[in-house]
Amino acid sequence: MPNLIVTATFNPPQIKLMGSTLREETIHKLEQRLPAVTSTASSPGKEPPKFVFHKEPAHWSIDIGQQFCDHLGRSMIYLTVIESLEAEDWKLKGTNCINQVDTGRDTTKFIFHRA
């Protein structure tokens, strides 16, 4: 059974997709939608952030630097990720959130599986 773990760390927002492979159109959809749902407006003159594939360990990541997400923005990021992955038949099976006291950041993990 394929599994996928999505890790979202705030602030600035960073998203990692680790596990099973994803369709290219899902990655492109997330690239377009994620920067648009942050709490701060993106700079129109800058190149929008893109997902980067890393080989060791194999995963996709995007750093939406220069942006900020309050709790509403975080919820919008979560909703965007869940909707995009559900369109590819991934089912959300669990979540976990950790506050990092030393850095002031927090990390939320979503665990998906597909039959």
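Bear in mind that the values here come from a model prediction, so they are computed numbers and not experimental data. (Residues numbered from 1 in each chain as written. Predicted model: local features only at pLDDT ≥ 70, side-chain atom pairs only at ≥ 80, totals over all residues. Heavy atoms only, no water.)

J.: With reference to specific residues and values, describe the side chain of arginine 74.
T.: Structurally, arginine 74 can be placed in helix H2 (residues 71-86). Judged by its relative accessible area of 12%, arginine 74 is buried. Those residues in contact with arginine 74 that sit more than four places away from it in its chain are Phe10, Asn11, Cys69 and Asp106. (Helix = DSSP H or I, 4+ residues; strand = E, 2+ residues; numbered from the N terminus. Buried < 20%, exposed > 50% of the residue type's maximum accessible area, 1.4 Å probe, protein only. Contact = heavy atoms within 4.5 Å.)

J.: Give me the nonpolar core: which residues, what numbers.
T.: Ranked by size, the top nonpolar core spans 24 residues in total, and within it Val6, Leu17 and Leu34 carry the most contacts. Secondary structure elements with two or more residues in this core: strand E1 (3-10), strand E2 (14-19), helix H1 (24-33), strand E4 (59-63), H2 and strand E6 (105-113). If one sorts the elements of this core by residue count, H2 sits on top with five residues. Filtering out sequence-adjacent residues up to four positions away, leucine 17 remains in contact with Leu4, Ile5, Val6, Leu22, Ile27, Leu30, Phe51, His59 and Trp60. (Core = buried A, V, L, I, M, F, W, Y, C linked by side-chain atoms within 4.5 Å.)

J.: Give me the pairing of E6: which residues, what numbers.
T.: With eight bridges connecting them, E1 and E6 associate as antiparallel partners. Residue pairing for E6: valine 6 is matched across the bridge by phenylalanine 110. Relative to E6, strand E5 (residues 91-100) runs antiparallel, the two sharing nine bridges. What sits directly across from leucine 92, in E6, is phenylalanine 112. Where E5 folds back onto E6 in an antiparallel hairpin, the turn is made up of four residues, including glycine 104, whose phi is positive at roughly 80 degrees. (Pairing = 2+ DSSP bridges.)

J.: Give me the lowdown on the layout of surface pockets, citing residues and values where you can.
T.: Reported here for the largest pocket is a volume of approximately 300 Å³. Lining the largest pocket are 17 residues; nearest its centre among them are Pro35, Ser42, Glu47, Pro48 and Pro49. Per-class residue counts for the lining of the largest pocket are six nonpolar, six polar and five charged. Reported here for the second largest pocket is a volume of approximately 150 Å³. Lining the second largest pocket, in full, are Leu4, Leu17, Met18, Gly19, Ser20, Thr21, Leu22, Glu24, Phe53, Ala58, His59 and Trp60. Looking at the lining of the second largest pocket, the elements with two or more residues in it are E2 and E4. Here the lining of the second largest pocket is composed, by residue class, of seven nonpolar, four polar and one charged. (1 Å grid on protein atoms, 1.4 Å probe; cavity = no way out; pocket = protein on both sides within 12 Å on 5 of 7 lines; lining within 4 Å. Points joined across faces, edges and corners; volume = space filled by probe spheres on them. Nonpolar A, V, L, I, M, F, W, Y, C, P; charged D, E, K, R; others polar.)

J.: Residues and numbers for the packing of aromatic side chains, please.
T.: Tallied over the full model, the rule gives three aromatic pairs. A ring pair is formed by phenylalanine 53 and tryptophan 60, whose centres lie 5.3 Å apart and whose planes are at 65 degrees; its orientation type is edge-to-face. By relative accessible area, which is 42% here, phenylalanine 53 ends up partly exposed. Ring geometry for tyrosine 78 versus phenylalanine 110: centroids 5.1 Å apart, planes at 65 degrees, classification edge-to-face. With tyrosine 78 in helix H2 and phenylalanine 110 in strand E6, the pair connects residues that are 32 residues apart, well separated along the chain. The exposure class of tyrosine 78 is buried, given its relative accessible area of 17%. The exposure class assigned to phenylalanine 110 is buried, which follows from its relative accessible area of 7%. Put simply, the rings of Phe10, Tyr78 and Phe110 pair up and form one aromatic cluster. (Phe/Tyr/Trp six-rings, centres within 6.5 Å; stacked < 30°, edge-to-face > 60°.)

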